[in-house]
There are 2 protein chains.
Amino acid sequence: MEFEKAKETFIQTWGTLGSEWGINRTMAQVHALLLIAPEPLSTDDVMEQLRVSRGNANMNLRDLINWNLAERVIKAGDRKEYFRAEKDIWEIARRIAKERKRREIEPLKDVLKELRKVKGDKKDAGVKQFTETVEGLGDFVDKMDKSMDYLLKADEHWFFGTLLKAFK
Amino acid sequence: MEFEKAKETFIQTWGTLGSEWGINRTMAQVHALLLIAPEPLSTDDVMEQLRVSRGNANMNLRDLINWNLAERVIKAGDRKEYFRAEKDIWEIARRIAKERKRREIEPLKDVLKELRKVKGDKKDAGVKQFTETVEGLGDFVDKMDKSMDYLLKADEHWFFGTLLKAFK
DNA sequence: TTGAACTTTCAGAAATTATTGAAAATTTAA
DNA sequence: TTAAATTTTCAATAATTTCTGAAAGTTCAA
């Protein structure tokens, strides 16, 4: 495959995958673009390469920064801002995990904790099933969350080394 | 919190979480409804409790079956079909993991394998960064995929037991 | 067979989400 | 200061996704 075609495919694939996982397609595409860029890119580079508006490029670049997946780079003697993505895949995975945990798992844990206190007749089948489901889910989320904490502290080699050895 | 309010909150929360993870909100809500239902529900039950159309209810119930998260139940002497969700959270997690792996990770692996064969001057910075990114990503996805295979074979107690012990 | 009960389909409508582009705000060199 | 360069905002618009509801399809008891 030619390089230009491969780039295009990579950006498209990453964008599609992103939207399947609830991430704005363009944000994922901008991320892909930065991942394969050997040098930091400007907003204009992103606009040109992905054919999107300035507003859109700006917004998605800022979102990537909020996800801690990209950073601003200032070049001496240049008014423009440039953007560079973290390139280490393990580090990217950790940052995404950390962010989703903070944005989605922690609030879920809080809701489930509240729901465990539901009032109702424990003899009632509906109440009984509700309680069991919420408790089962709460325990599972807590375990996942704890596992995630270890993952966030671990380095890649140790993590996969231990994991793949443990589960051989 | 009152039972009815708790039910409502649970369904809403599960629906929101679903859409954050790229799953149709209504499908997640139907799933939530089935998860807390002590008995299998009919299409009409779903329509009534979630206030959605017959077409919508039917479609999302079928999707849940395609995800292997719900099954049809036939009651003797009743023409209607009923639906019951798998209630064991560990089993649900495994089925979702299995399905997303099949739908998303396997195709991604294929694309990355193709992209590794990109033609281009290895001295070119763009080609070099592209190759490194794609290779790093490919290796990472392979490891994740392998870990997932173990997870899919494991049972919950063993999985969390080993994992939480290994990473203490 | 027939027809009532039930399920599925799908074109059009509605709702949601993403994008544009121009104006406003900000920054910085001179 | 000034004004040019750049970034940010956001109302309007577009694109995408989801939902509705009625018609078509299927099943089954009699």
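Just so it is clear, the structure is predicted and the values come from calculations on it, not from any experiment. (Residues numbered from 1 in each chain as written. Chains lettered and ligands numbered in written order. Predicted model: local features only at pLDDT ≥ 70, side-chain atom pairs only at ≥ 80, totals over all residues. Heavy atoms only, no water.)

(A) Representation of the relation of the copies chain B and chain A within the structure. Once turned by 180° and shifted 0.0 Å along the axis, chain B lies on chain A with an RMSD of 0.0 Å. These values place the two chain copies in the arrangement generated by a two-fold rotation axis. Looking at the rotation axis and the C-alpha trace of chain B, the residue lying nearest is B:Gly22, at 2.1 Å. Both copies contact each other with a shared surface, as 100% of the interface residues of chain B are interface residues in chain A too. (Least-squares fit on C-alpha atoms with pLDDT ≥ 70 in both. Contact = heavy atoms within 4.5 Å.)

(B) Just the protein's contact with DNA strand C, in detail. The full set close to DNA strand C counts 17 residues, and A:Thr26, A:Ser53, A:Arg79, B:Asn58 and B:Glu81 are the nearest of them. Take the atoms of DNA strand C that sit within 4 Å of the protein: sugar and phosphate atoms are 64% of them. At 2.4 Å, a side-chain N or O of B:Asn58 approaches a phosphate oxygen of DNA strand C. One nitrogen or oxygen atom from the side chain of B:Arg79 is found 3.0 Å from a base nitrogen belonging to DNA strand C. The set of elements that each furnish at least two residues to the surface near DNA strand C consists of α4 (54-66) of chain A together with α4 (54-66) of chain B. Each residue belonging to the surface near DNA strand C can be placed in one class, and the counts come to one nonpolar, seven polar and nine charged. (Near = heavy atom within 4 Å. Polar contact = N/O pair within 3.5 Å; in protein donor to acceptor, adjacent residues only side chain to side chain. Helix = DSSP H or I, 4+ residues; strand = E, 2+ residues; numbered from the N terminus. Nonpolar A, V, L, I, M, F, W, Y, C, P; charged D, E, K, R; others polar.)

(C) Quick peek at the packing of helix α6 (residues 125-153) of chain A against helix α1 (residues 3-20) of chain B. Contact pair α6(A) / α1(B): the axes reach a minimum separation of 11 Å and the direction vectors enclose 40°. Of the possible angle classes, the one that applies to α6(A) and α1(B) is oblique. Every pair of crossing elements has a handedness; the one defined by α6(A) and α1(B) is left-handed. Contacts between α6(A) and α1(B) involve A:Gly126, A:Val127, A:Phe130, A:Thr133, A:Val134 and A:Leu137 from the former and B:Phe3, B:Ala6, B:Lys7, B:Phe10 and B:Trp14 from the latter. A per-class count over the contact of α6(A) with α1(B) returns eight nonpolar, two polar and one charged. (Axes fitted to C-alpha atoms, helices over the stretch in contact; angles between N-to-C directions. Parallel < 35°, antiparallel > 145°, perpendicular 65-115°, else oblique. Left-handed = near helix turned anticlockwise from the far one by under 90°.)

(D) Region of interest: the pattern of salt bridges. What the rule picks out here adds up to 38 salt bridges over all chains. Between A:Glu156 and B:Lys143 there is a salt bridge whose closest N-O contact spans 3.5 Å. With A:Glu156 in helix α7 (residues 156-166) and B:Lys143 in helix α6 (residues 125-153), the pair connects residues from two separate chains. Classification of B:Lys143 as partly exposed rests on a relative accessible area of 31%. B:Asp44 is paired through a salt bridge with B:Lys80; the nearest N and O atoms lie 3.9 Å apart. Separated by 36 residues along the polypeptide, B:Asp44 in helix α3 (residues 43-50) and B:Lys80 in the loop between β2 (70-74) and β3 (81-85) bring together distant segments of the chain. Put simply, A:Lys101, A:Glu106, A:Lys109, A:Asp145 and A:Asp149 are held in one network by salt bridges that share partners. (Salt bridge = Lys/Arg side-chain N within 4 Å of Asp/Glu carboxyl O. Buried < 20%, exposed > 50% of the residue type's maximum accessible area, 1.4 Å probe, protein only.)

(E) Representation of unusual backbone geometry. All names here are of chain A. In the Ramachandran plot, Arg51 falls in the positive-phi region, its phi being about 55° despite a non-glycine side chain. Following the sequence through the fold, Arg51 ends up in the loop between α3 (43-50) and α4. Given a relative accessible area of 74%, Arg51 falls into the exposed group.

(F) The arrangement of the protein's contact with DNA strand D in detail. Near DNA strand D lie 18 residues; those nearest to it are A:Asn58, A:Glu81, B:Thr26, B:Ser53 and B:Arg79. Near the protein, within 4 Å, the atoms of DNA strand D are sugar or phosphate in 63% of cases. With respect to DNA strand D, the side chain of A:Arg62 contributes an N or O atom lying 3.2 Å from a phosphate oxygen. Between a phosphate oxygen of DNA strand D and a side-chain N or O atom of B:Asn56, the distance comes to 3.1 Å. Going through the elements one at a time, α4 of chain A together with α4 of chain B are the ones with two or more residues in the surface near DNA strand D. If you tally residues by element for the surface near DNA strand D, the top one is α4(A), at four residues.

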